[in-house]
Every structure is written in C-alpha cells, then in structure tokens.
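Secondary and tertiary structure notes
Here is what each chain is made of, one letter per residue.
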Amino acid sequence: HFCLPAVEEELSKDGPRAASLKALFREGTPFLYSITPWVGYEFKDEGKVLHGDWLSACEQRRSVNEGVRLFAAAFGEKPVSACAPGYRANAATMLAWACAGIKVVQNGPGTDSGPFLGRHGLLHLHRNVAFEPALFPEADTVSEALASARRSLRGGRPAVVCMHAVNLHSTVRNNRDRTLERLDEFLASLENEFPDLLYMHDGDLWETLRSGRYTRQGREVP
C-alpha cells in the first residue's frame, strides 16, 4: 500500500504531506491510512483521482521487474504468483506480470468465482476464505472460515485462505498466540470434515493445471 512516485512527489514539495510522511517514517511506519490515504497503492496513485491515477505501463513494468529481482535475490528463484496491494491492478499490471514470468494472480474476496485463465495466460485465483482474527476480534473467525471453505470445496473450487500478516505480528499487541490457536482449530476441523484435503501453494496449483497431476515430495498424488 505504497505508491513510490506519489511519495517522492510529496517529499519533493516538502509541504504538510511530506511532514506527515517523515513523522511516520521516524516511527518505522511507511503508511497509515488515517493519516496518509493519498499514498495509494503500488500501481495506483490515489492522489490523482481525476487524472491518470494508474501509473504508466512503463512505471508499472519497472516496479514489477524490481520486485521480481528482489524476490529472486532473497529466495533464490523467481516468483510464480503476485497480488497487487489492495488488489488494485489494471491491464498494464497484468501485462507487466506476464512479461516478468508471473503465472498466477491473486484477487481479493467478494466473489465465488473459481480459478480461470485470463489474458496473457495468467491463472486467476480469488481469496474466498477470510481468516482475520486480529482484524475482527469479536467475530467467530473459525466458524465463518469453515462455512466459506465448505462452500468452495463442495462446489469443486479450491478454498483460498486470506490471512494478513498483522494476525501474526504487530508492534502494538500480541496477535500471534490467539491467531495460531484459532488457525489450529480451523485446519483441524477442516481436515476432519475433508479427510482427502490437499494443501497447495500457487505454484502447485499452476503446475497441476498445466500437467494434469500433482506431485508432493517426489510422489504423485491421485
């Protein structure tokens, strides 16, 4: 949730917005929606709502290529999937991803659509199971997640769980212990109900659809 060109422009002006940014930076926080909503998203400048709010295709391609380079440097291989911050992506984003070797696109919640192949041969997934105990502490997180997962699995679609990092780490409170306890309860219940449940990451699903089979630890899973 950080549009670099938008931030650089405000810092160059050295006005009130720059002061807000610098105050956040001193606290180790690059973005806080209640204070800097105009920071926007990596591919979308929220400060330009009326004119050209999306970054150009060239800017997006440069950003994606740099992200791929950093990922490969950190993990020793290029990424297979991508998710736009805030799920804000347009046609230029899709093309930049495809050109950079991305195969799978993660989309946000709000639809029961199953996986599908879109433009440039990108496989689209939708996060259809919300598991956010830190964001919704009063909700019955486990029951709600189980209901969503059942609906997807019984409909022949993968259950794609969405859980943001704040559920596991925070500088404000300990979210981790509560989250892990509920996650264990959720997964145990799901496995009891669906004993043939398979866990896959995006690359597994892409390879399964491409080859027609799924292998785990060198063995083919029927």
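Going along each chain's sequence as written, the residues are numbered from 1 onward. In keeping with the model being predicted, local features are shown solely for residues with a pLDDT of at least 70 and side-chain atom pairs are shown and tallied solely at 80 or more, while totals for entire chains, interfaces and linings include all residues. The side-chain figures draw on all heavy atoms in the structure; neither hydrogens nor water molecules are used.

1. Description of the pairing of strand S2 (residues 104-107)
Here a strand pair is declared whenever DSSP counts at least two bridges between the two strands. Strands here are runs of E lasting at least two residues and helices are runs of H or I lasting at least four, both read from the DSSP assignment and numbered beginning at the N terminus. As paired elements, strand S1 (residues 81-82) and S2 share two bridges and run parallel to each other. Among the inter-strand pairings, Ala82 is bridged to a residue of S2, identified as Val105. Convention used here: a crossover is right-handed provided that the path from the first strand, over the helix, to the second strand proceeds clockwise when the strands point away from the viewer. One crossover worth recording links S1 to the parallel S2 by way of helix H4 (residues 91-99), and it is right-handed. For S2 and strand S4 (residues 123-126), the ladder comprises four bridges, and the chain directions are parallel. When the sheet's bridge partners are listed, Gln106 is paired in S4 with Leu125.

2. Considerations on unusual backbone geometry
With glycine set apart, most residues show a phi of negative sign, and most peptide bonds adopt trans. With phi around 60°, Tyr87 is a residue other than glycine that occupies positive phi space. With respect to the helices, strands and loops of the structure, Tyr87 is situated in the loop between S1 and H4. Residue His120 is not a glycine yet carries a positive backbone phi of 65°. Topologically, His120 is positioned in the loop between strand S3 (116-117) and S4.

3. What about the confidence of the model for the protein chain?
Per-residue confidence for the protein chain gives a mean pLDDT of 91; residues scoring 70 or more make up 98%. Per-residue confidence from the predictor is reported as pLDDT, a score between 0 and 100. Within the protein chain, the lowest mean pLDDT, 80, falls on strand S8 (residues 219-221), and the highest, 97, falls on H4.

4. Observations concerning the sheet that holds S1
As summarised here, the arrangement of the four strands in space is S1-S2-S4-S3, forming an open sheet in which the pairing is mixed. Taken across any chain shown, the strands that pair with only one partner, and hence form the sheet edges, are S1 and S3. Across two bridges, the pairing between S3 and S4 is antiparallel. From the neighbouring strand, Leu117 faces S4, where its bridge partner is Leu123. Here, residues are in contact when the closest pair of their heavy atoms is within 4.5 Å. Lines fitted to C-alpha atoms define the axes, with helix axes restricted to the stretch in contact, and inter-axis angles between N-to-C directions lie between 0 and 180 degrees. Strand contacts of helix H7 (residues 202-211): S1, S2, S3 and S4, with the helix running at about 130° to S4, the strand carrying the most contacts.

5. Quick word on the packing of helix H3 (residues 57-75) against H4
Here H3 crosses H4 at 40°, and the two axes come no closer than 9 Å. Taken together, the axes of H3 and H4 are oblique relative to one another. In terms of crossing hand, the pair formed by H3 and H4 is right-handed. From H3, Ala57, Gln60, Arg61 and Val64 reach across to H4, where they touch Ala92, Thr93, Ala96 and Trp97. Here the residues of the contact of H3 with H4 sort into five nonpolar, two polar and one charged. Relative orientations are named as follows: roughly parallel for angles under 35 degrees, roughly antiparallel for angles over 145 degrees, roughly perpendicular for angles from 65 to 115 degrees, and oblique for any other angle. In this scheme, a crossing is called left-handed if the near helix is turned counterclockwise away from the far one by less than a right angle; it is called right-handed if the turn is clockwise. Charged residues are taken to be Asp, Glu, Lys and Arg, nonpolar residues to be Ala, Val, Leu, Ile, Met, Phe, Trp, Tyr, Cys and Pro, and polar residues to be all remaining types, Gly included.

6. Re the packing of aromatic side chains
Here a pair means two rings of Phe, Tyr or Trp (six-membered ring of Trp) with centres within 6.5 Å. Their orientation is stacked below 30 degrees between planes, edge-to-face above 60, and tilted elsewhere. In this structure the tally under the stated criterion is four aromatic pairs. Seen in terms of ring centroids, Phe43 and Trp97 are 6.1 Å apart; in terms of plane orientation they differ by 80°. Their pairing is edge-to-face. Taken together, the residues Phe43 in the loop between helix H2 (16-26) and H3 and Trp97 in helix H4 connect sequence positions 54 residues apart. The exposure classification of Phe43 matches that of Trp97, with both residues buried. Ring plane angle 45° and centroid distance 4.7 Å describe the contact between Phe71 and Phe75, whose orientation is recorded as tilted. Of the two residues, Phe71 and Phe75 both sit in helix H3, four residues apart, roughly one turn of that helix. Only when the NZ atom of a Lys or the CZ atom of an Arg is both within 6 Å of the ring centre and within 35 degrees of the ring normal do we say a charge sits over the ring. It is Lys44 that lies over the ring of Trp54; its NZ or CZ is 5.5 Å from the centre. The rule is simple: take the accessible area with a 1.4 Å probe, protein chains only, and divide by the maximum for that residue type; under 20% is buried, over 50% is exposed, in between is partly exposed.

7. As for the packing of helix H5 (residues 141-154) against helix H6 (residues 176-193)
With their axes 10 Å apart at the nearest point, H5 and H6 run at an angle of 35° to one another. For the element pair H5 and H6, the recorded crossing hand is right-handed. Two secondary-structure elements touch here, H5 through Val142, Ala145, Leu146, Ala149, Arg150, Leu153 and Arg154 and H6 through Arg182, Glu185, Phe186, Ser189, Leu190 and Glu193. Here the residues of the contact of H5 with H6 sort into seven nonpolar, one polar and five charged.

8. Considering the layout of surface pockets
A cavity here means a set of 1 Å grid points, computed over protein atoms only, where a 1.4 Å probe fits but cannot escape. A pocket is an open set with protein on both sides within 12 Å along at least 5 of 7 lines, and lining residues have an atom within 4 Å of a point. Grid points are joined across faces, edges and corners, and a volume is the space filled by probe spheres set on the points. Taken as a whole, the largest pocket holds about 1,400 Å³ of empty space. The wall of the largest pocket is formed by 39 residues, among which His1, Phe31, His164, Ala165 and Val166 lie closest to the centre. For the lining of the largest pocket, the secondary structure elements donating two or more residues are H3 and S1. The leading source of residues in the lining of the largest pocket is H3, at seven residues. Residue classes in the lining of the largest pocket are distributed as 22 nonpolar, 13 polar and four charged. If you add up the space inside the second largest pocket, you get close to 1,100 Å³. The wall of the second largest pocket is formed by 33 residues, among which Ala159, Val160, Tyr199, Met200 and His201 lie closest to the centre. Take the lining of the second largest pocket: its biggest share by element is five residues, from H7. Of the residues contributing to the lining of the second largest pocket, the split by class is 23 nonpolar, five polar and five charged.

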